[in-house]
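Reading the structure
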Amino acid sequence: MADDQYKARMQRKKEHIDQRIEEASIDKGIIVLLTGNGKGKSSSALGMICRALGYGMKIGVAKFLKGVQETGEDAFLDTQPNIQTVFMKTGFTWDTQDKAYDTAMAAETWQNAQSYLEDESIDLVVLDELTYMISYKYLDEQQILDALNKRPQDQHVVITGRTASEGLINIADTVSEVKDIKHAFRANIKAQKGVDL
Ligand code: ATP
Ligand code: MG
């Protein structure tokens, strides 16, 4: 492409982008939903935690379903004074195989999550693996949607987990589906520290 053509094209692109930036004038708390079968949902949520920490924001994290599995970030989050964390104290459902127990643990964790969603001082709430609580019917979807709707106006929420319900997709402002193209585990490679846990 000739230099002048390139310049004209970039100029048009810049005008378009500048206009879109100007139009985006609304400032509010948003819900980000990260779903799909590929790797990268919870680690993306952690990336946003990192960004928020950089601004001195206050964060509430509720980890559903996998509280038993220790990860590198749990140790890190523990050192951060601006972060409160609650873990659902049960393993994978296929380990416990006890629906009543899992439901009770989910409800207990949700109580904490809900208190974050009512707390004006918390800027970012991360509900990690929440989608399963709805798909396994451990928690009532409407109760979750109501709490999300009633949260403080400027509070951001990040929700992760596979097979997000229609209700969550509808209420979210940003929805990304991480597609599974390939995963090392299927080549018999163990979960690796710093990458997978
Ligand atoms: P991560 O925490 O690495 O961002 P994730 O939140 O997208 O992953 P989860 O379903 O919560 O995915 O699973 C967490 C763990 O399972 C991680 O160790 C991750 O590498 C692994 N994992 C994620 N997707 C797959 C997959 N498609 N096949 C095998 N293992 C996976
Ligand atoms: Mg995850």
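In this report, we go over the structure that sits alongside the text.

What counts, and at which threshold
- Residues numbered from 1 in each chain as written.
- Chains lettered and ligands numbered in written order.
- Predicted model: local features only at pLDDT ≥ 70, side-chain atom pairs only at ≥ 80, totals over all residues.
- Heavy atoms only, no water.
- Axes fitted to C-alpha atoms, helices over the stretch in contact; angles between N-to-C directions.
- Helix = DSSP H or I, 4+ residues; strand = E, 2+ residues; numbered from the N terminus.
- Parallel < 35°, antiparallel > 145°, perpendicular 65-115°, else oblique.
- Left-handed = near helix turned anticlockwise from the far one by under 90°.
- Contact = heavy atoms within 4.5 Å.
- Nonpolar A, V, L, I, M, F, W, Y, C, P; charged D, E, K, R; others polar.
- Donors = N, O, S within 2.8 Å, 3.2 Å for Na, K, Ca; no water.
- Near = heavy atom within 4 Å.
- Polar contact = N/O pair within 3.5 Å; in protein donor to acceptor, adjacent residues only side chain to side chain.
- Core = buried A, V, L, I, M, F, W, Y, C linked by side-chain atoms within 4.5 Å.
- Buried < 20%, exposed > 50% of the residue type's maximum accessible area, 1.4 Å probe, protein only.
- Pairing = 2+ DSSP bridges.

For the rest of this paragraph, the subject is the packing of helix α5 (residues 99-117) against helix α7 (residues 141-150). Contact geometry of α5 with α7 gives a least axis separation of 9 Å together with a crossing angle of 20°. The pairing of α5 with α7 is recorded here as roughly parallel in orientation. The handedness of the crossing between α5 and α7 comes out as left-handed. Residues Trp 110, Gln 114 and Leu 117 of α5 lie in contact with α7, whose contacting residues are Gln 143, Ile 144, Ala 147 and Leu 148. By residue class, the composition of the contact of α5 with α7 is five nonpolar, two polar and no charged.

In a perfect tetrahedron of four donors around a metal, the angles come out at 109.5 degrees. In a perfect octahedron of six, they are 90 or 180 degrees. Coordination sphere of the magnesium ion (ligand 2), protein contribution only: Ser 42 (OG) and Glu 129 (OE), at 2.0 to 2.1 Å. On the criterion of sequence distance, the pair formed by Ser 42 in helix α2 (residues 41-54) and Glu 129 in the loop between β4 (124-128) and α6 (130-135) is long-range, its members being 87 residues apart.

So, about the site of ligand 1. By nearness alone, 15 residues border ligand 1, and Lys 39, Gly 40, Lys 41, Ser 43 and Asp 196 come closest of all. Between ligand 1 and Ser 42, the relevant distance is 2.9 Å, taken from an oxygen atom to a main-chain nitrogen or oxygen of the residue. Within the side chain of Arg 162, one N or O atom sits 3.4 Å away from a nitrogen atom of ligand 1. Per-class residue counts for the shell around ligand 1 are one nonpolar, six polar and eight charged.

The next thing to look at is the nonpolar core. Phe 64, Trp 110, Leu 127, Leu 130, Met 133, Leu 148 and Ile 159 are the most contacted members of the largest nonpolar core, which totals 32 residues. Those elements that place two or more of their residues in this core are β1 (31-35), α5, β4, α6, α7, β5 (156-160) and α8 (166-171). Looking at this core element by element, the count peaks at six residues for α5. If near-sequence neighbours (up to four positions away) are discounted, Leu 148 is found in contact with Ile 31, Leu 117, Leu 127, Val 157, Ile 159, Leu 168 and Ile 171. The next biggest cluster of nonpolar side chains, apart from the first, holds 13 residues, and it includes Val 32, Ile 49, Ala 52 and Leu 53.

This part covers the sheet that holds strand β2 (residues 59-63). Here six strands make up an open sheet; going across it, the order is β3-β2-β4-β5-β1-β6 and the pairing parallel. Edge positions in the sheet fall to β3 (83-87) and β6 (174-177), since each of these pairs with one other strand and no more. This sheet shows a mean twist of 10° between the axes of neighbouring strands, independent of strand direction. As paired strands, β1 and β6 are joined by four bridges and run parallel to one another. Paired with Thr 35 across the two strands is Glu 177, which belongs to β6.

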